[in-house]
Amino acid sequence: MKLWFIESLALLMICTPVFAHHGSTAYDTNKVVVLKGATVTKYVWANPHVIITFDVKDEKGNVQHWSAEAGTPQAVVLSGWSKTSVQPGDVISVYLFQSKTGNLVGRLNKIVLADGSELRDSALGYKEAEGEGKK
Amino acid sequence: MRDFLIDLTVLLVFASAGVAQDKQAPAQRPLTLYQKLEAAGNTGGPAPRRDLLGAWTGPLTPKYVDPPPLTPLGEKLFKLNSPDPFSASSNDPWGTCDPFGFPRSATTETRGIAFAQMPGRMVIMAQYGRIWRSVWMDGRELPKNVGVKGGPDTTWYGYSVGHWDGDNTLVVSTTGLDDKTWIDRRGYPHSVDLRVEERYTRLDHDTLELTLTIDDPKIYTKPFVIAKNRFKWIPNQEDEEQMCVPSEAIEYRKLIVVPADQDQARGKK
């Protein structure tokens, strides 16, 4: 039974939509990594994609330096982002899909700002709503 | 085996029911302007006669069509191209923000185009990279012997002439294109002998259709339609700024492309 269960889980994961937007294959999209208390070090509003770099402490108290990307500015503006959404020094919560390499880099699912408002990625912020088709 | 399938089915049903019950309704991804207008399906009335002037919005990428068999030279050149600028090993000229050139400007990042009139010519503009192409409408012919010693030089966007075919279709022919560009994001190559035909048909006031045909006998065994695209009239006529900036592309590569290492994830290493 245990084996069937694992197989079923594997099948479910295979059945999840393929994210065809460019650049997503590098990331493990089955698991959201949650990083709370992240301090923004850089916010890049640029093509091809928006980038946020931030520092966050691991469980041992060591500071980790992360980089995360979202969609292109013209795509994320539709989800409420702007060039002034985030600034260095802001403390935010980051939800991301980490690189399969294990490096401290990921594709955002969403960020939560200090006031509690959420900003979702244009591609992987709407996993259940995926269906825009191949780009 | 049958028991296993039943187990699996039961599990899947339970799993999906669980998802439906436990989760809140998922947030919906907002539609792009093109998707909204396409879904609304407004025609705006009949197309005006011989008039495309104004700003139009399209999808990120048009629908690509597979080319016919390539010539031996075409195959050789195609193998040299490694598409996908989001891969560290790609040699897509887009990765370093080289000019798209034509016809790549009509096959990649097609969120916005616009048409304007100048004496003797139509100007076709692409939002991405703020590209400007002149299409001569004064009856002149395309230059000959482009790229040959003594002839005119090839350029990123070539030489274009146009004419109206009936009341609603603008036909543009282009030649003299530098062969260092790709024709689309899949990495298909071309020679300096490439001739491209664009047919813009205004179906109604709000809808424009583009058919893009490639003719390059050195590279492809016959002419073919590489892409069809569709644009909707932008109600407020405003456009966006989309630039590929080399310093930003370098930063993106350093912070994201190299550490994320898509090639390793794909098993290409």
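All values reported here derive from a predicted model rather than from experimental measurement.

The rules behind each value
Residues numbered from 1 in each chain as written. Chains lettered and ligands numbered in written order. Predicted model: local features only at pLDDT ≥ 70, side-chain atom pairs only at ≥ 80, totals over all residues. Pairing = 2+ DSSP bridges. Helix = DSSP H or I, 4+ residues; strand = E, 2+ residues; numbered from the N terminus. Buried ≥ 20, exposed ≤ 12 C-beta atoms within 10 Å, placed from the backbone. Contact = placed C-beta atoms within 7 Å.

This part is about the pairing of strand β1 (residues 33–44) of chain A. A regular strand places its side chains so that they alternate between the two faces of the sheet. Residue and element names in this part refer to chain A. In this sheet, strand β4 (residues 91–98) lies alongside β1 in antiparallel orientation, the contact comprising 5 bridges. Among the inter-strand pairings, Val 33 is bridged to a residue of β4, identified as Leu 96. Looking at chain direction, β1 and strand β2 (residues 51–57) are connected through 5 bridges and run antiparallel. Opposite Thr 39, over in β2, you have Asp 55 as the bridge partner. Between β1 and the antiparallel strand that follows it, β2, lie 6 residues.

Take unusual backbone geometry next. Working note: non-glycine residues mostly have negative phi, and peptide bonds are mostly trans. Looking along the chain, the bond that leaves Asn 47 of chain A and enters Pro 48 of chain A is cis, with omega of 0°. Inspection of the secondary structure puts Pro 48 of chain A in the loop between β1 and β2. Each neighbour pair has its own omega, and for Phe 102 of chain B with Pro 103 of chain B the value is 10°, a cis peptide bond. If you trace the backbone, Pro 103 of chain B turns up in the loop between α3 (72–80) and β3 (112–118). In this structure, Asp 84 of chain B is a non-glycine residue whose phi angle is positive, near 85°. With respect to the helices and strands, Asp 84 of chain B occurs in the loop between α3 and β3. On the neighbour-count criterion, Asp 84 of chain B (20 C-beta atoms within 10 Å) is buried. The phi dihedral of Cys 97 of chain B is positive, around 60°, even though this residue is not glycine. By the secondary structure assignment, Cys 97 of chain B is in the loop between α3 and β3.

Our next topic: the environment of Tyr 95 of chain A. Residues and elements named next belong to chain A. Positionally, Tyr 95 belongs in strand β4. Sequence separation between Tyr 95 and Glu 69 is 26 residues; the distance between their C-alpha atoms is 11 Å. Leave out the neighbours within four places in its chain, and Tyr 95 touches Val 32, Val 34, Asn 109 and Lys 110.

On to the environment of Ser 173 of chain B, then. Residue and element names in this part refer to chain B. You can see Ser 173 is positioned in strand β7 (residues 169–175). Ser 173 sits 31 residues away from Leu 142 along the chain, and the two C-alpha atoms are 8.1 Å apart. Among residues more than four places away in sequence, those in contact with Ser 173 are Leu 142, Ser 160, Val 161, Arg 195 and Glu 197.

A separate point is the environment of Pro 68 of chain B. Residue and element names in this part refer to chain B. Take Pro 68: it is sitting in the loop between β2 (63–64) and α3. On the basis of neighbour counts, which here come to 13 C-beta atoms within 10 Å, the residue Pro 68 falls in the partly exposed class. Sequence-distant contacts of Pro 68, defined by excluding residues within four places in its chain, comprise Tyr 220, Thr 221, Lys 222 and Phe 224.

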